[in-house]
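Now for the letters of each chain:
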Amino acid sequence: MVETRGGEPDDGAAEVLDRPLPEGVRRRVVQIVADAFGRLTVAELPAPLRQYARFAPNRRAKFAGNAMAAAVETDTIFRQRVGEKFREAQPELCGALEAGSAPPAADPLDVAAAAYVLRPTGWVKLVTAAGEEAQRAHAERAEEESRAELERLRAQLAQAREHTRAETERLRTELDAARKEAESLHRKLRAALSDVKRGEAALRAARAETEAVRAEGQAQLSAAESEARRLKARLGETEAALEATRRAAREGRSVEDMRVRLLLDTVLDAAQGLRRELALPPVSVRPAETVDAVEPGRMTPKDIAARALSEHDPAVLDQLLALPQAHLVVDGYNVTKTGYPQMPLEKQRLRLLGQLSQLAAQSGAEVTCVFDGAELAAPVLLAPPRGVRVLFSKPGVTADELIRQLVRAEPPGRPVIVVSTDREVADGVARAGARPVASAVLLKRFTRG
């Protein structure tokens, strides 16, 4: 409660403000508290405000504004102390308020803030009236500002319209000039296109005339060359006749001898020309060689098979390999799994290929070794030995089928020997004209050395 100088409550202490303090009045109250703050001791300040005792007035109002407003509202003693300091600073205003009237020239916000701090009789009405006056003044200022802003916007709009009108006129003028220039350019372009078309027509005519002249010149050149060749031929004939006459005269021969010799030279030259044109090779075959007969010492696979040797005798294989242009085809895994199946596949291949290389060197026959590609987990990095062709069947093709393809690829009559114990392979190659040999025979041949 607000106390008088004698300690008794004043008349306005019981009045209560039934609405929030207007913001403008609140700022003035905070400023009054901030101004009086520095003239109070730390002990005279409420506990929440003592931390701001050393702040400058402006910083107090900025950082402690809410705390000051709350202290004035709740702490009556602190409000009275602030009121005392305000009376010392503004005695005339405070005296007028306590007398029940406000100075006519005073700012309503200052009057309301002073009444809120001093709490004279009727202070609520003063604060409410100041708030309403402040709101009315704020509304009037806002209206004035709005009116000024509207006038400014109207002026800007009029200026923009004028600028737009001027810019439109300028653009319309430029557009008319551009249209005129475009029409002029179109006329020039049409004229240029007409000139180009006339030039192209003249160029085509000149090209046609040039081609005609070139064709005529070419025809004349061809005719001249033909005539020159004819004259050269006649000159050669004349020179030849003259030379023949001179030679006949020198040798004392008769005209008849000269004609016979001339005809003979003509026939010989014609024969040589035919031989050159036909590119005939020298004759290497004699007629006696065309008669079908059996020569001594020449054998066929059937002749060897008819001898008294056993099919399992390695000498049969030697006789077959001794035939001219013999081709030995070996079923690789069939031989290795027959002779040394306990070894790994890689070592089987290496051992067989080494033995086949020695056999090829001894016999001079063509040797091909076929392995089944289905047995491989990856491509084999293998350098074939000298004299041995190494083949692996493709995916989906067995080694047996690859062997049959090799046999079918050979011309009829060439000795082809296939080494395999597989009966299906043996029967198939036999029907194709090849000679099957068991794998055991080849293995015995290896052991014989």
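Residues numbered from 1 in each chain as written. Predicted model: local features only at pLDDT ≥ 70, side-chain atom pairs only at ≥ 80, totals over all residues. Heavy atoms only, no water.

Peer 1: So what about the overall build of the chain? Which residues, and what values?
Peer 2: Each helix and strand in the chain was counted, giving 15 helices and five strands. Buried residues in the chain amount to 29% of all 449 residues. Only carbon and sulfur atoms are counted for the fraction: they give 55% of the accessible area of the chain, which is about 30300 Å². (Helix = DSSP H or I, 4+ residues; strand = E, 2+ residues; numbered from the N terminus. Buried < 20%, exposed > 50% of the residue type's maximum accessible area, 1.4 Å probe, protein only. Areas by Shrake-Rupley, 256 points an atom, 1.4 Å probe, with all protein chains shown as cover.)

Peer 1: So, the sheet that holds strand β5 (residues 435–437): which residues are in play, and what are the values?
Peer 2: Strand pairing within a sheet occurs via backbone hydrogen bonds; the two strands may be parallel or antiparallel. Spatial ordering of the open sheet is given by β3-β2-β1-β4-β5, a layout of five strands whose pairing is parallel. Edge positions in the open sheet fall to β3 (388–392) and β5, since each of these has one partner strand only. The sheet shows a mean angle of 20 degrees between the axes of neighbouring strands, direction not considered. Pairing of strand β2 (residues 366–371) with β3 involves five bridges; the strand directions are parallel. Along β3, the bridge assignment pairs Cys 369 with Val 390. With respect to the sheet, helix α11 (residues 332–339) is in contact with β1 (327–331), β2, β3 and β4 (416–419), its orientation differing from that of β1 by roughly 60 degrees. (Pairing = 2+ DSSP bridges. Axes fitted to C-alpha atoms, helices over the stretch in contact; angles between N-to-C directions. Contact = heavy atoms within 4.5 Å.)

Peer 1: Any chance you could break down helix α3 (residues 65–74) for me, citing the residues and the numbers?
Peer 2: Turning to α3, its buried residues number three or more, namely Gly 65, Met 68, Ala 69, Ala 71 and Val 72. Down the axis of α3, the sector holding all buried residues measures 160 degrees, keeping them to one side. Exposed residues lying more than 90 degrees from the buried face of α3 are Asn 66 and Thr 74. Where α3 is buried, its residues contact α1 (23–37), α2 (57–63), α4 (76–89) and α6 (108–118). (Arc of directions from axis to C-beta.)

Peer 1: Go over the confidence of the model for the chain, please, and point to the residues and values.
Peer 2: Residues with a pLDDT of 70 or more make up 79% of the chain, whose mean pLDDT is 79. Low pLDDT (under 50) marks residues 1–11, which in the prediction has 24 contacts with non-local residues, meaning those over four places away or in another chain. (pLDDT = per-residue confidence, 0-100.)

Peer 1: Describe the nonpolar core, naming the residues involved and giving the relevant values.
Peer 2: Counting 35 residues, the largest nonpolar core has Val 29, Val 33, Leu 49, Met 68, Phe 78, Val 82 and Phe 86 as its most contacted members. Those elements that provide at least two residues to this core are α1, α3, α4, α5 (91–98), α6 and α7 (123–251). Not counting the four nearest positions on each side in its chain, Phe 86 is found in contact with Ile 32, Arg 39, Leu 93, Cys 94, Ala 114 and Leu 118. Grouped together as the second largest cluster of nonpolar side chains are 29 residues, Leu 323, Leu 356, Val 390 and Ile 417 included. (Core = buried A, V, L, I, M, F, W, Y, C linked by side-chain atoms within 4.5 Å.)

Peer 1: Tell me what's going on with the pattern of salt bridges, and back it up with residues and numbers.
Peer 2: Using the criterion set out here, one finds 20 salt bridges in the structure. Linking Asp 318 and Arg 448 is a salt bridge whose minimum nitrogen-to-oxygen distance equals 2.1 Å. With Asp 318 in helix α10 (residues 314–321) and Arg 448 in helix α15 (residues 439–448), this residue pair connects regions lying 130 residues apart in the sequence. When its relative accessible area of 46% is taken as the criterion, Arg 448 is described as partly exposed. A salt bridge links Arg 389 to Glu 366, with the shortest nitrogen-to-oxygen separation between them at 2.9 Å. Of the two residues, Arg 389 sits in strand β3 while Glu 366 sits in strand β2, which places them 23 residues apart along the sequence. The class for Glu 366 is partly exposed, based on a relative accessible area of 25%. (Salt bridge = Lys/Arg side-chain N within 4 Å of Asp/Glu carboxyl O.)

Peer 1: Account for the side chain of Arg 445, with residues named and values stated.
Peer 2: Along the chain, Arg 445 falls in helix α15. Residue Arg 445 is classed as buried on the basis of its relative accessible area, which comes to 8%. A distance of 2.6 Å separates the side chain of Arg 445 from the side chain of Asp 318, its partner in a polar contact. With near-sequence residues (within four places) excluded, Arg 445 lies in contact with Pro 314, Leu 317, Asp 318, Leu 359 and Gln 362. (Polar contact = N/O pair within 3.5 Å; in protein donor to acceptor, adjacent residues only side chain to side chain.)

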